[in-house]
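Residues per chain are reported as follows:
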Amino acid sequence: MDFLTEFPSMDRQELRDLKKAIDGGFRDFSREFGEAIENFFEPLLWFLVWFEKLLQAAPWPVIILALAALAWLGSRSKTVVAGCALSFLAIGYFGMWHDTMSTLAIISVATLLCITVGIPLGILMARSDRTQTAITPALDIMQTIPAFVYLIPVVMLLGIGKVPGLIAVCIYAIPPIVRLTNLGIRLVEKEALEAADAFGADYRQKLFGVQIPLALPNIFAGVNQTIMMALSMVVIASMIGVAGLGVPVLRSVSNQYLALGLMNGLAIVALAIIFDRVSQRFGERLQRHRRGIEHG
Amino acid sequence: MAEVKIGIEGLYKIFGPRAQSVMEDVRGGMSKQELLERHDHVLGLKDINVDVAPREISVIMGLSGSGKSTLIRHINRLIEPTSGRILVDGQDVLAMTREELIEFRRHRVSMVFQRFGLHVHKTVAENAAYGLVIQGVSVGQAKEQSRKWLDRVGLSGFENHYPSQLSGGMQQRVGLARALATDAEILLMDEPFSALDPLIRTDMQDVLLGLQEELNKTLVFITHDLDEALRLGESIAILRDGAVIQQGNPQDIILHPADDYIFDFVKDINRSRVIEAKSVMTPGESVDGPSLPHDLVLEEALPIVSAAKLNQANVVDADGQAIGSIRLGQIVAGIARPAESGDQGERYR
């Protein structure tokens, strides 16, 4: 009864050939198109490098002031601003300024990229159930497949460096913004939309005048989640050559440097908390109309 | 023939994925129940034929599930019918292209909703200006133009509030101002006052009647409340299970209910406030006594006639010409609650 004890698997030789064929096929593909794809991402790389250099070259007080000002614009909260300034002072004091600026650069660019791609994708998804069913499994895969697995084709295609790192971060971080944009638009009250229809609003007028404004709380939750997930990819991205706080963490793992790992890890946490608080407060402030709901 | 502003002809609406294919069965007389059991489709509207006269309030009345909200949404095509025609000023709404329909909704018809349908992220002023902004008027100018309507419905001073800061009655005033601001000649009102407290509702009815006197819109008003229908409607259509079971003016419906269902509806109505002198008068003859306008309700005719020497009065038309006479007995009989069919007065014999 071999049939029951041995799984009827593919012949070893055939399996090896299949894997070889896939590997070979993809290798040929990257040889053929690798350069074209790299050229396509050239402007992105240029922008990322420029932004990183800017952050690193600017005098540190200017950066701290600018970050505090941004935190104020976003949150209008003195606590958040003070926390932000103190965190960056501590980061600098413990010698992590340079790496933090690199991380800040890649996170900012990754978030911008995710927003510019993710929100339109979410809008598209909300437009019809068919696109939703088509896109949802792709998002599921992007969120659950181990990052190391998609690092392989990305590195094969683009080599090691900032752009493949950025793409890896985006693959992991884009699903929440897409999902929550879709959800937010779908949750907009039917009455509000029907009124827009009854007064003759066209698709654009409904989208920009009613759906997106009413979906903003959810869209902002998505932006917030995207930033958090991008930050959590910093260490993995450093494995394929992205400079930043992930590099020393990686080094401390292989060499058992507890203090180094802890400090850089905490710096990532500090960045995460600042981003989170500022973006959340900003989202809340956009909801002025929700105040005064207690009126009977 | 009377003038027709909105003509609804042979309108059917079946909800379900294969509506067209079950149309034949429905035309063949299949009932709502049978349709649901055999084909799993819901019959929303069945062979509706209603003519809406211009410049008056036409009420469509029915209980929940009767299809009244579905019917009103066909007029501006928020819902596509399965079969039938909708003519507005003789133009077929269903034949309009996407662009024509948008133009139609922007300029010729506006709507007020049961649950207000306000945009909660916009201020009162922005909500009132919405229809104009959609037309392409600049936001500043639209607010300027819609301000007079906010004043007219009694909301000056609330321009910068958000809807969530207002009570239900005030929110619906915003809805009304928004609908009036586009100057559309047709106003569709889908149970606009049903979500309001009784006192506020009467208040809003007064506001609406006051506005209508001045504006003379073609107004289609949906309600489940017979008192409201009788108070506002110059003509009333009663809907049940997706079909019109009686159409007429309030007098007709109260005095000649088409079937037991409507009879049950109207029997508890305060008849003295609805029935007019001309409905109970003896036509033709002229008597010795005061003169009453023909559309005076019995409630108001009663003290005049009972004070008159011979307890009788003449009824005159709008031009002051005598068209008949009325006696105290006729008024009292008109006010009396009608007996159930069958036990005519037997209880008191």
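As the structure is a computational prediction, the values presented were derived from the model and not from experiment.

**Student:** Before we move on, could you go through the overall build of chain A and cite the residues and values that matter?
**Tutor:** Counting its regular elements, chain A contains 13 helices and zero strands. Counting helices and strands in the order they occur from the N terminus, chain A gives α-α-α-α-α-α-α-α-α-α-α-α-α. The C-alpha extent of chain A, read off along each of the three principal axes, is 75 × 55 × 45 Å. Across the 296 residues that make up chain A, the buried fraction comes to 34%. Put simply, 76% of the contacts in chain A that link residues at least 6 apart link residues at least 24 apart.

**Student:** Any chance you could break down the overall build of chain B for me, citing the residues and the numbers?
**Tutor:** A count of helices and strands for chain B gives 15 helices and 14 strands. Principal axes of the C-alpha set define a box for chain B whose edges measure 65 × 55 × 40 Å. When each of the 349 residues of chain B is scored for burial, the buried share is 41%. Counting contacts in chain B only where the partners sit at least 6 residues apart, residues at least 24 apart contribute 65% of the total.

**Student:** So what's going on with the sheet that holds strand 1 (residues 6–15) of chain B? Residues and values would help.
**Tutor:** Residues and elements named next belong to chain B. Strand order in the open sheet formed by four strands is 2-1-4-5, and the pairing between neighbours is antiparallel. Here the strands that pair on one side only, and so sit at the sheet edges, are strand 2 (42–52) and strand 5 (91–92). Pairing geometry for strand 1 and strand 4 (residues 83–88), over five bridges, is antiparallel. Bridging across to strand 4, E9 finds its partner in R85. In the packing of helix 1 (residues 19–27) onto the sheet, contacts are made with strand 1, strand 2 and strand 4, and the angle to strand 1 comes to roughly 110°.

**Student:** A description of the nonpolar core should follow, citing residues and the corresponding values.
**Tutor:** Formed by 146 residues in total, the largest nonpolar core has its most connected members in A110, V169 and A173 of chain A together with A177 and I326 of chain B. In terms of residue count, the dominant contributor to this core is helix 5 (residues 97–127) of chain A (14 residues). Looking at this core, you find at least three residues from each of domain 1 (53–77 + 95–266) and domain 2 (273–335) of chain B. Apart from residues no more than four positions distant in its own chain, A110 of chain A is found in contact with L166, V169, C170, A173 and A230 of chain A.

**Student:** So, helix 9 (residues 190–198) of chain A: which residues are in play, and what are the values?
**Tutor:** Taken as a whole, helix 9 of chain A has its buried residues at A192, A195, A196, D197 and A198 of chain A. The inward-facing, buried residues of helix 9 of chain A contact helix 10 (203–232) of chain A together with helix 4 (98–107) and strand 6 (109–112) of chain B. G200 of chain A, located one to two residues past helix 9 of chain A, shows a positive phi value of around 85°.

**Student:** Would you mind going over the domain arrangement of chain B in detail, with residue names and values included?
**Tutor:** Residue and element names in this part refer to chain B. One can read the domain layout of chain B as domain 1 (53–77 + 95–266) and domain 2 (273–335). Placing the centre of domain 1 and that of domain 2 at their C-alpha centroids yields a distance of 34 Å. Every contact between the two is made by five residues of domain 1 and, on the other side, four residues of domain 2. The element contributing the most residues to the side of domain 1 that touches domain 2 is helix 11 (residues 250–255), with four residues. Grouping the constituent residues of the side of domain 1 that touches domain 2 by class yields four nonpolar, one polar and no charged.

**Student:** So, the interface of chain A and chain B: which residues are in play, and what are the values?
**Tutor:** Taken together, the contact pairs 19 residues of chain A with 20 residues of chain B. Examining the composition of the side of chain A that touches chain B, we find that six residues originate from one element, helix 9 of chain A, more than from any other. For the side of chain A that touches chain B, the class distribution of residues is nine nonpolar, five polar and five charged.

**Student:** Summarise unusual backbone geometry; cite the residues concerned and give the values.
**Tutor:** Residue and element names in this part refer to chain B. In this structure, D47 takes a positive phi of about 45° despite not being glycine. By the element assignment, D47 lies in strand 2. The phi torsion at D241 lies on the positive side, around 50°, for a residue other than glycine. According to the C-beta neighbour criterion, D241 is partly exposed, with 18 such atoms within 10 Å.

**Student:** A description of the sheet that holds strand 12 (residues 291–293) of chain B should follow, citing residues and the corresponding values.
**Tutor:** Residue and element names in this part refer to chain B. Overall, mixed pairing links the four strands, which are arranged 11-14-13-12 in an open sheet. The open sheet terminates on both sides in strands that have one partner only, identified here as strand 11 (282–283) and strand 12. When strand 12 meets strand 13 (residues 312–316), the two strands line up parallel, connected through three bridges. When the sheet's bridge partners are listed, P293 is paired in strand 13 with V316. Contacts between helix 14 (residues 298–307) and the sheet are confined to strand 12, strand 13 and strand 14 (322–327), with strand 13 contributing the most and set at about 135° to the helix.

**Student:** Tell me about the packing of helix 3 (residues 60–75) of chain A against helix 13 (residues 258–285) of chain A, residues and numbers included.
**Tutor:** All names here are of chain A. Running from amino to carboxyl end, helix 3 crosses helix 13 at an angle of 35°, the nearest separation of the two axes being 7 Å. Of helix 13, the residues touching helix 3 (which contributes A71, G74 and S75) are I274, R277, V278, S279, R281 and F282. Tallied by class, residues from the contact of helix 3 with helix 13 come to four nonpolar, three polar and two charged.

**Student:** Describe the environment of L245 of chain A, listing the residues and the values that go with them.
**Tutor:** Residue and element names in this part refer to chain A. With respect to the helices, strands and loops of the structure, L245 is situated in the loop between helix 11 (234–238) and helix 12 (246–255). When the 28 C-beta atoms within 10 Å are taken as the criterion, L245 is described as buried. For the pair L245 and M96, spaced 149 residues apart in sequence, the C-alpha to C-alpha distance is 7.7 Å. L245 has contacts with M96, D99, T100, T103, V234, N264, A267 and I268, leaving out every residue within four places of it along the chain.

**Student:** Run through helix 3 (residues 68–75) of chain B, naming residues and quoting values.
**Tutor:** All names here are of chain B. The buried fraction of helix 3 amounts to eight of the eight residues, a majority that puts the element mostly inside the structure. Taken residue by residue, helix 3 has K68, S69, T70, L71, I72, R73, H74 and I75 as its buried positions. Phi turns positive, to about 60°, at R77, one or two residues after helix 3.

**Student:** Please set out the pairing of strand 7 (residues 186–190) of chain B residue by residue, giving values where relevant.
**Tutor:** Residues and elements named next belong to chain B. Along strand 7, five of the five residues are buried, which leaves the element largely enclosed by surrounding structure. Neither face of strand 7 is exposed, since I186, L188 and D190 on one face and L187 and M189 on the opposite face are all buried. Bridge count between strand 7 and strand 8 (residues 218–223): five bridges; the pairing is parallel. Note that in strand 8 the partner of L188 across the bridge is V220. Running through helix 9 (residues 198–215), the crossover from strand 7 to the neighbouring parallel element strand 8 is right-handed.

**Student:** Lay out the environment of V287 of chain B with the relevant residues and their values.
**Tutor:** Residues and elements named next belong to chain B. With respect to the helices and strands, V287 occurs in the loop between strand 11 and strand 12. The exposure class of V287 is partly exposed, given the 16 C-beta atoms found within 10 Å. The sequence separation of V287 and S325 amounts to 38 residues, and the corresponding C-alpha distance is 6.4 Å. Not counting residues within four places of it along the chain, the set of residues in contact with V287 comprises Q312, N314 and S325.

**Student:** Before we move on, could you go through the confidence of the model for chain B and cite the residues and values that matter?
**Tutor:** Residue and element names in this part refer to chain B. Taken as a whole, chain B shows an average pLDDT of 91; of its residues, 97% reach a score of 70 or greater. Note that pLDDT drops below 50 for residues 342–347; the model gives that stretch two contacts with residues more than four away or on any other chain. Two summary scores accompany this predicted model of the complex, namely pTM at 0.85 and ipTM at 0.88.

**Student:** Give a description of the pairing of strand 6 of chain B that names residues and reports values.
**Tutor:** All names here are of chain B. The alternating pattern of strand 6 places V109 and M111 and S110 and V112 on opposite faces, both of which are buried. Summarising the sheet, strand 6 and strand 7 pair through four bridges and their orientation is parallel. Looking at the pairing, S110 lines up with L187 of strand 7.

Thresholds, definitions, all that
As a convention, each chain's residues are numbered from 1 in the sequence order in which they are written. Here chains are named by letter from A upward and ligands by number from 1 upward, in the order in which they appear as written. Totals for whole chains, interfaces and linings use every residue, but because this is a predicted model, local features are given only for residues with pLDDT of at least 70 and side-chain atom pairs only at 80 or more, for both listing and counting. Working definition: helices are DSSP H or I runs of at least four residues, strands are E runs of at least two. Numbering for both runs from the N terminus. Whether a residue is buried, exposed or partly exposed follows from its count of other C-beta atoms within 10 Å of its own C-beta, namely 20 or more, 12 or fewer, or something in between, respectively; the C-beta atoms are built from the backbone. We call two residues in contact when the distance between their C-beta atoms, placed using the backbone, is within 7 Å. Two strands make a pair as long as DSSP finds a minimum of two bridges between them. To get an axis, fit a line to the C-alpha atoms, keeping to the stretch in contact for a helix; angles then go from 0 to 180 degrees between the N-to-C directions. Defined on buried residues, the nonpolar core groups Ala, Val, Leu, Ile, Met, Phe, Trp, Tyr and Cys residues joined through C-beta atoms within 7 Å. The split into domains, and so the bounds of each, comes from an automatic or database assignment of domains. Note that Gly is not counted as nonpolar here; it falls among the polar residues with everything else outside the nonpolar set of Ala, Val, Leu, Ile, Met, Phe, Trp, Tyr, Cys and Pro and the charged set of Asp, Glu, Lys and Arg. Orient the strands so they point away from the viewer, and a crossover whose first-strand-to-second-strand path over the helix runs clockwise is right-handed. Confidence scores per residue from the predictor, reported as pLDDT, run from 0 to 100.

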